[in-house]
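Close look at the chain arrangement
Each chain, letter by letter, is given below.
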Amino acid sequence: PALNRTGAFSGVLEEYAEGMLFLHFLRDGSVLKMEDLAPVNANEYLGGLLDFTGEVGRLAVASATKRDTDKVGGVGSRRIRSRGRRRRSPPFFFSL
């Protein structure tokens, strides 16, 4: 029989999507497409993708706290001009 795609089962698939998205991002620096996460449907993928952004944010904060500038985009990796003076731009998290 077909499993009902609501409630706990759908929630588990959303968590699966989040975990796989984050793992793939850590390994390859890119985000998986929904088609790569069968049997996840559009709602579960979107929920996982939104939760994944929170994980990336937590990783960025943890890396910045440890002063790991390689993971947070490298402070001063890009410079901008301000009133004729050069100043550092804010770091950009995880260049994709």
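These notes cover the structure that comes with them. (Residues numbered from 1 in each chain as written. Predicted model: local features only at pLDDT ≥ 70, side-chain atom pairs only at ≥ 80, totals over all residues. Heavy atoms only, no water.)

1. A few points about the overall build of the protein chain
To keep things clear, this is the line we draw: The secondary structure listing takes helices from DSSP runs of H or I that are at least 4 residues long and strands from runs of E that are at least 2 residues long, numbered from the N terminus. Each residue is assigned to one of three classes by its accessible area relative to the maximum for its type, calculated with a 1.4 Å probe on protein chains only: buried under 20%, partly exposed between the two thresholds, exposed over 50%. Only heavy atoms enter the contact rule, under which two residues are in contact if any of them lie within 4.5 Å. Working definition of accessibility: Shrake-Rupley area with a 1.4 Å probe, residue cover restricted to the visible protein chains.
Per the secondary structure count, the protein chain includes two helices and two strands. For the protein chain, the sequential pattern of α-helices and β-strands runs α-α-β-β. Put simply, the protein chain has 96 residues, and 25% of those count as buried. When contacts within the protein chain are restricted to residue pairs at least 6 apart in sequence, long-range pairs at least 24 apart make up 44% of them. If you sum the accessible surface of the protein chain, you get close to 6900 Å²; carbon and sulfur atoms cover 57% of it.

2. Quick word on the side chain of S10
Looking at the element boundaries, S10 is found in helix α1 (residues 7-28). Relative accessible area serves as the criterion here: at 16%, S10 is assigned to the buried category. When residues no more than four places from it in sequence are discounted, the contact partners of S10 are R5 and E44.

3. A closer look at helix α2 (residues 42-65)
Rule in force here: To estimate the expected span of a helix, count its residues, drop one, and scale the result by 1.5 Å.
Its 24 residues place the ends of α2 35 Å apart at the C-alpha level, agreeing with the 34 Å of an ideal helix rising 1.5 Å per residue. Among the residues of α2, those classed as buried are E44, Y45, G47, G48, F52, V56, L59, A60 and S63. Next to the buried residues of α2 lie α1. Two residues or fewer after α2 comes R67, characterised by a positive phi angle close to 65°.

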